[in-house]
Amino acid sequence: MTRVRATTKLVATDLDGTLLDPSSRIPTRTRAALCAARRAGIAVVPVTGRPPQALWPVIEGTELGPLGICSNGAVLVDVDDHELLEIELIAAEVAARLVADLRRVVPGIILATDGLDGFYHEDGFFDPPTGWADRVVTVPDILSTTVAGCVKLIARRPGWSASDLIGVLAAHMADEAHVTTSGLDWVDIAALGVTKAYALERVCDRLGVSVTEVVAIGDNHNDLSVLAWAGTAMAPANAIPSVLAMVDRVLPANSEEGVAVFLEELVATG
């Protein structure tokens, strides 16, 4: 087991499947561990595929921050002040080209965008889950939502798994965009080079933290970049096999508050 480093200054943690429990909440023990870490001078930065408006209600009343990463690295936020600091958009002309390519390469594909004012999707994309913090809007053509650029495109092909779709798109779009998935049955497409690792490096620059002082924790495909970049990589036991194969330490599952277990150890070393 990788020892806890007393030199750790920043813990970058994914939310869904990692910090959050299976009911998508931050339980009591984890809240206490976050508070103790903040008091000890350790930044615990949320690094999520969620857009900012879907981040705020989940982390309300916690000591996460002071900064956060949303939309798989496309948006940097000030967690304490609920402020957007940096936004990396897919330019309108690039989005139009990507949409045309997606429709040509995968006939029958259905598209969506997850923006800063809501989730927009073409008819048949999905039945929106109840209880979403995000506004959900059906549009006849997703291009109508990209005229000023977009944070990310989202693609789904009925009858295909996310793994099937990413297998086709990742190779085809390698020189045009970054393609990943967060475990849901669709694929996220961001501007070229925009990943969780890209954003975390910018967060560390802002906070004066070196890569060797960073522990990253994640469970899914969209966490691979940040786990590879950080000085130390960890994952909950429920992570996908490709994540478990690359990390330095496997923590208890998110249902057993594995991140809290690690934070308690980290604080104790101080």
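The structure presented is a predicted model; accordingly, all values stated were derived computationally and were not measured.

Draft legend 1. Examining the packing of aromatic side chains more closely. Summed over all chains, the structure comprises six aromatic pairs. Ring centres of Phe-125 and Trp-186 lie 5.3 Å apart, and the angle between their planes is 45°; this geometry places the pair in the tilted category. With a gap of 61 residues between them, Phe-125 in the loop between β7 (119-122) and β8 (136-139) and Trp-186 in the loop between β10 (177-180) and β11 (187-191) connect regions that are remote in the sequence. Of the two residues examined, Phe-125 and Trp-186, each falls in the buried class.

Draft legend 2. Up close: the environment of Ser-255. One can find Ser-255 in the loop between β14 (249-251) and α9 (258-269). Through-space distance from the C-alpha of Ser-255 to that of Asn-238 is 8.7 Å; in sequence the pair is 17 residues apart.

Draft legend 3. Representation of the sheet that holds strand β5 (residues 83-87). As summarised here, the arrangement of the three strands in space is β3-β4-β5, forming an open sheet in which the pairing is antiparallel. Each edge of the open sheet carries a strand with a single partner, namely β3 (67-70) and β5. Taking each pair of neighbouring strands and ignoring which way they run, the sheet shows an average axis angle of 30°. On top of the sheet, helix α3 (residues 52-59) reaches β3, β4 (75-78) and β5; it is set at about 40° to β4, its chief contact. Helix-sheet contacts for helix α6 (residues 196-207) involve β3, β4 and β5, and the interaxial angle to β3 is about 165°.

Draft legend 4. Molecular detail of helix α2 (residues 28-39). Across its twelve residues, α2 extends 17 Å between first and last C-alpha, which sits within 8% of the 16 Å expected from 1.5 Å per residue. For α2, the complete set of buried residues consists of Thr-30, Ala-33, Leu-34, Ala-36 and Ala-37. Taken around the axis of α2, the buried residues stretch over an arc of 165°, which confines them to a single face. Along α2, the residues that are exposed and aim more than 90 degrees away from the buried face are Thr-28 and Arg-39. Residues of α2 that are buried in the fold lie against α1 (15-19), β2 (43-46) and α9. Two residues or fewer past α2, Gly-41 is found with a positive phi of approximately 85°.

Criteria and thresholds
- Residues numbered from 1 in each chain as written.
- Predicted model: local features only at pLDDT ≥ 70, side-chain atom pairs only at ≥ 80, totals over all residues.
- Heavy atoms only, no water.
- Phe/Tyr/Trp six-rings, centres within 6.5 Å; stacked < 30°, edge-to-face > 60°.
- Helix = DSSP H or I, 4+ residues; strand = E, 2+ residues; numbered from the N terminus.
- Buried < 20%, exposed > 50% of the residue type's maximum accessible area, 1.4 Å probe, protein only.
- Pairing = 2+ DSSP bridges.
- Axes fitted to C-alpha atoms, helices over the stretch in contact; angles between N-to-C directions.
- Contact = heavy atoms within 4.5 Å.
- Expected span 1.5 Å × (residues − 1).
- Arc of directions from axis to C-beta.

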